[in-house]
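Chains, contacts and geometry: an overview
Given next are the chains, with one letter for each unit.
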Amino acid sequence: MEHKQCQRCGMMPLEKPEDFGTDADGSRNGDYCCYCYENGAFFYPEATMEQVIEACLPHVVPDVFADEATARAAMNEHFPTLTCWKKTGMIISFKLKEGVSAEEFLVASDKIQENYLSQCRGFITRQLMIIDGVWTDWVIWETLPDAQNSMGKSEENELAKAFASLIGEILEYSLYPLERSYSL
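Quick caveat, the model's predicted, so the values are computed rather than measured.

Taking 1.5 Å per residue, 14 residues should reach 20 Å; helix H3 (residues 102-115) reaches 20 Å between its end C-alpha atoms and fits that length. If you check which residues of H3 are buried, you get Phe105, Ala108, Ser109, Ile112 and Gln113. Buried residues of H3, seen end-on, are gathered within an arc of 135° and therefore sit on one face of the element. Relative to its buried face, H3 has exposed residues pointing more than 90 degrees away, namely Glu103, Asp110 and Glu114. Contact partners of the buried residues in H3: strand E5 (88-96), strand E6 (123-131), strand E7 (134-141), helix H5 (158-164) and strand E8 (167-177).

To continue, consider the sheet that holds E6. Spatially, the 4 strands line up as an open sheet ordered E6-E7-E5-E8, and their pairing is antiparallel. Only two strands of the sheet have a single partner each, and these edge strands are E6 and E8. Shown here is a sheet whose adjacent strand axes are inclined to one another by a mean of 15°, direction ignored. Here E6 pairs with E7 via 8 bridges, running antiparallel. Each bridged residue has a counterpart across the sheet, and for Phe123 the counterpart in E7 is Trp141.

Scanning the entire structure with this criterion turns up 8 salt bridges. For Glu46, the salt bridge goes to Lys153, with nearest N and O atoms at 3.2 Å. Of this pair, Glu46 sits in the loop between strand E4 (41-42) and helix H1 (49-60) while Lys153 sits in helix H4 (residues 144-154), and the two are 107 residues apart along the sequence. Residue class for Lys153 comes out partly exposed when judged on its relative accessible area of 40%. As a salt-bridge pair, Asp137 and Arg126 come within 2.8 Å of each other at their nearest N and O atoms. Taken as a pair, Asp137 in strand E7 and Arg126 in strand E6 lie far apart in primary sequence, 11 residues in all. It is possible to trace a salt-bridge network through shared partners that takes in Glu54, Glu68 and Arg72.

Rules of the game
Residues numbered from 1 in each chain as written. Predicted model: local features only at pLDDT ≥ 70, side-chain atom pairs only at ≥ 80, totals over all residues. Heavy atoms only, no water. Helix = DSSP H or I, 4+ residues; strand = E, 2+ residues; numbered from the N terminus. Expected span 1.5 Å × (residues − 1). Buried < 20%, exposed > 50% of the residue type's maximum accessible area, 1.4 Å probe, protein only. Arc of directions from axis to C-beta. Contact = heavy atoms within 4.5 Å. Pairing = 2+ DSSP bridges. Axes fitted to C-alpha atoms, helices over the stretch in contact; angles between N-to-C directions. Salt bridge = Lys/Arg side-chain N within 4 Å of Asp/Glu carboxyl O.

In short, shape yes, function no, at least from these values alone.
Following this line, the structure appears as structure tokens:
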């Protein structure tokens, strides 16, 4: 197991296998506790960091902190350091389906950006790149749950379905915590 504390709610120590949440395949997840994560998904995936803090308060007062104000202040300082609440980069590398032109794909990309992604909670920025026929779509989200919620809801969105129908082979799909961001 990777972490000694849940990377969503801060629960610690995570020591016994049953303390850890489970991935979709039933294996134990090294990042999240059994109260936050089960079968590869967060309980209450749309909960904000503030809502998770409020839900955790009764479990840390008075055992860990003397009062709610002290606990809330400490949690507001600590939670942004947890993987779940860091800005998240989503990288998808792929090739277009046979017969799909770059122009056709870029029109669909503009539509999904303007009418879906830009309206999703937590969306920050997006970059679309191509080299030697391999496209890379790089999206930055406020939090990991924001990234996961947007992908889950995209299955119901007609523009997202039209965009996805142009994509052939997916070479990589990854979510990473953003450690630093640089710009001019």
